[in-house]
Amino acid sequence: MSPRVIAFVAFALTFTSALALGAKQNHTQAAVPANNTADQKQYVQSQNEGERVFQQHCSRCHAAPDSFSPRISGTIVRHMRVRASLSQHEEEELLRYFNP
Amino acid sequence: MEPLLAAPLGHSILVESRAALLESFAPNSSNQPGYEHTHFIGLTYLQGDFVVSRHFTIVAGDYLIPFNTYNERLSPVWIGNFQDGPLIASLGTFSSGSGLGGMLRGNAIARNKCSIDYNYFYSARSGNEQFNARRGSGGRASLYLPEQRLEIGLSYDRLLQGTHENFYGGHLWWEPKNTAFRLRSEGARGHHAQGYWIEADYRTKAFGGLDSAIGRIEPVFRIQQTFRRDTIVSDSLPLVNTQRADFGLDYNLPHNVRILASYARQFSSTGNHNIWETGIVYRFLFPAWKGK
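Keep in mind the model is a prediction, meaning the values are calculated, not measured.

Student: A description of the overall build of chain A should follow, citing residues and the corresponding values.
Tutor: A tally of helices and strands in chain A yields 4 helices and 0 strands. For chain A, the N- to C-terminal ordering of α and β elements is α-α-α-α. Evaluated residue by residue, chain A yields a buried proportion of 19% over its 100 residues.

Structure (structure tokens):
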């Protein structure tokens, strides 16, 4: 193996490890409603539907973004509505999925 | 850098645009010491979308040509698995990759077990520096089976200026349910050249899920071939028949950061050579205006 190959692999591994160790996860955990069973069931259904829309349409091209401001979720969902030809109902479910 | 601006207006309109800002440094040619530096700023697209329903969206402006999948769906720098696009990316996209005019798009059939999407566009000729486009028209239709996670599509467009040329394309994507395996492929045939690419990538959930240190590793493989049909060169494909295999290893860090690294071996009658590429992609989103 040539020195150039070894240097490239070493650089990639070192850089990856350094960033992986330094990074912290920042997933937004949705707060599950604790009011009553009906609310919880509705919440779970909504999440499932939103997740289905995301899996079947958005994630065909890209992975889920880690996190983003709730203030721009409407813009992101509108962008997806055009790209993936979503219905208004799917747009709303996706919005609810991002902002439970 | 590829800044993207999206502005929703009311309940049905979206104005969106993407630009490319490129600074490049390369060693001086002809054995001169030092580096040469170039920069480029250009508008990739600027379009307005009016959503009538899921079946019908009107797009006007300078839009990405919806031929096959790469140009419209995989070309954003934060989506692509490799630093560079496939060799056939320029086939069917009229050189500039964008059209100036109108497009109709939507979902023709939406069922639980299948859906069919369509696009139809017409582009006018434009010599403007930022809105360069060629006259042509075409479209794409794709069938998606949600249970199988299988997508099959066909594309066609025709250049309507200079020598009128037809371009044919087809794509097949398969992303099995409950896995992080993706298989994408497409082929295209132009007037002077044709080719195909097949790409597979995988992330394992076996060691603590996709967000674990191991689950964030994404091996990627792509194979591609191009064939010249004649020696008239009006596209960006290699001048001779070419085969290329790409081996990539991406790492998906938290906070929307990706590290891409790949090695490729390219074979052609003009010589075989290695291609090493690496890059870091950081995607961040922020509101440009006060929102609700």
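Student: I'd love a proper account of the overall build of chain B, names of residues and values included.
Tutor: Along chain B, the regular secondary structure elements total 1 helix and 15 strands. By its C-alpha atoms, chain B is 55 × 55 × 40 Å across when sized along the principal axes. Buried residues in chain B amount to 32% of all 292 residues. Contacts in chain B between residues at least 24 apart in sequence constitute 48% of all its contacts with a sequence separation of at least 6.

Student: Residue-level account of the interface of chain A and chain B, with values.
Tutor: Across the contact, 30 residues belong to chain A and 36 residues belong to chain B. Broken down by secondary-structure element, the contributors of at least two residues to the side of chain A that touches chain B are helix H1 (3-22) and helix H3 (73-84) of chain A. Among the residues forming the side of chain A that touches chain B, the class breakdown is 13 nonpolar, 11 polar and 6 charged.

Student: Hey, could you go over the nonpolar core for me, with residue numbers and the actual values?
Tutor: Residue and element names in this part refer to chain B. In this structure, Tyr63, Ile65, Ile88 and Leu91 are the most contacted members of the largest nonpolar core, which totals 22 residues. Listed by contribution, the elements that provide at least two residues to this core are strand S4 (56-64), helix H1 (70-74) and strand S11 (193-203). Contacts of Ile65, omitting those with residues within four sequence positions, involve Asn71, Thr93, Phe94, Gly97, Ser98, Gly99 and Phe121.

Student: How would you explain helix H4 (residues 88-98) of chain A if you had to name every residue and give the values?
Tutor: Among the residues making up H4(A), those that are buried are A:Glu90, A:Glu91, A:Glu93, A:Leu94, A:Tyr97 and A:Phe98. All buried residues of H4(A) fall inside an arc of 165° around its axis, so they share one side.

Student: I'd like to hear about the pairing of strand S1 (residues 4-9) of chain B, residue by residue, with values.
Tutor: All names here are of chain B. Pairing of S1 with strand S2 (residues 13-27) involves 6 bridges; the strand directions are antiparallel. Residue pairing for S2: Leu5 is matched across the bridge by Ser17. What sits between S1 and S2 in their antiparallel hairpin is a turn of 3 residues, with Gly10 showing a positive phi close to 65°.

Student: If you had to explain H3(A) to someone new, which residues and values would you point to?
Tutor: An α-helix turns once every 3.6 residues. As a result, residues three or four positions apart point the same way. The end-to-end C-alpha separation of H3(A) is 16 Å, in line with the 16 Å expected for 12 residues at 1.5 Å each. Looking at the residues trailing H3(A), positive phi occurs at A:Ser85, about 50°.

Student: How would you sum up the packing of H3(A) against H4(A)? Please name residues and give values.
Tutor: Residue and element names in this part refer to chain A. Following both chains from N to C, one finds H3 and H4 inclined at 145°, their axes separated by 10 Å at the closest point. Seen from above, H3 lies across H4 with right-handed handedness. Seen from H3, the contacting residues are Ser73, Gly74, Val77, Met80 and Arg81; seen from H4, they are Glu91, Leu94, Leu95 and Phe98. For the contact of H3 with H4, the per-class residue count stands at 5 nonpolar, 2 polar and 2 charged.

Student: Could you give me a rundown of unusual backbone geometry, with the residues and numbers involved?
Tutor: Not every positive phi belongs to a glycine, and A:Ser85 is a case in point at roughly 50°. Here the phi dihedral of B:Asn178 falls at roughly 60°; this positive angle occurs in a residue that is not glycine. Looking at where B:Asn178 falls in the secondary structure, it is placed in the loop between strand S9 (166-174) and strand S10 (180-189). Look at B:Asn178 and you get exposed, because 8 C-beta atoms sit within 10 Å.

Student: Help me get a handle on the confidence of the model for chain B, residues and values and all.
Tutor: Residue-level pLDDT values for chain B average 92, and 99% of them are 70 or greater. Model confidence for the complex: the whole-complex pTM is 0.84, and ipTM, which rates the interface, is 0.85.

Student: Give me the pairing of strand S3 (residues 35-53) of chain B: which residues, what numbers.
Tutor: Residue and element names in this part refer to chain B. When S2 meets S3, the two strands line up antiparallel, connected through 15 bridges. When the sheet's bridge partners are listed, Leu22 is paired in S3 with Phe40. When S3 meets S4, the two strands line up antiparallel, connected through 7 bridges. Its bridge partner being in S4, Ser53 is matched across the sheet by Phe56.

Student: Mind laying out the environment of B:Ser24, listing which residues take part and the relevant values?
Tutor: Here B:Ser24 shows up in strand S2. C-alpha separation for the pair B:Ser24 and B:Arg182, spaced 158 residues apart in sequence, amounts to 32 Å.

Student: Quick rundown of the environment of B:Gly195? Include the residues and the values.
Tutor: Its location among the elements puts B:Gly195 in strand S11. Sequence separation of B:Gly195 and B:Gln224 is 29 residues, and the distance between their C-alpha atoms is 7.4 Å.

Student: Which residues make up the confidence of the model for chain A, and what are the values?
Tutor: Low pLDDT marks stretches whose predicted atomic positions should not be read closely. Residue and element names in this part refer to chain A. Overall, the prediction assigns chain A a mean pLDDT of 70, with 55% of residues at 70 or greater. Here H1 stands out as the least confident element of chain A, with mean pLDDT 43; H3 is the most confident, with 91. Note on residues 5-31: pLDDT under 50 across the span, and 25 contacts to partners over four residues away in sequence or across chains.

Student: An account of the environment of B:Leu154 is requested, with residue identities and associated values reported.
Tutor: Residues and elements named next belong to chain B. Within the element layout of this structure, Leu154 appears in strand S8 (residues 150-159). Overall, Leu154 belongs to the partly exposed group, with 14 C-beta atoms counted inside 10 Å. With 14 residues separating them in the primary sequence, Leu154 and Arg140 have C-alpha atoms 5.7 Å apart. The residues contacting Leu154, other than those within four sequence positions of it, are Arg140, Ala141 and Gly170.

Thresholds, definitions, all that
Residues numbered from 1 in each chain as written. Chains lettered and ligands numbered in written order. Predicted model: local features only at pLDDT ≥ 70, side-chain atom pairs only at ≥ 80, totals over all residues. Helix = DSSP H or I, 4+ residues; strand = E, 2+ residues; numbered from the N terminus. Buried ≥ 20, exposed ≤ 12 C-beta atoms within 10 Å, placed from the backbone. Contact = placed C-beta atoms within 7 Å. Nonpolar A, V, L, I, M, F, W, Y, C, P; charged D, E, K, R; others polar. Core = buried A, V, L, I, M, F, W, Y, C linked by C-beta atoms within 7 Å. Arc of directions from axis to C-beta. Pairing = 2+ DSSP bridges. Expected span 1.5 Å × (residues − 1). Axes fitted to C-alpha atoms, helices over the stretch in contact; angles between N-to-C directions. Left-handed = near helix turned anticlockwise from the far one by under 90°. pLDDT = per-residue confidence, 0-100.

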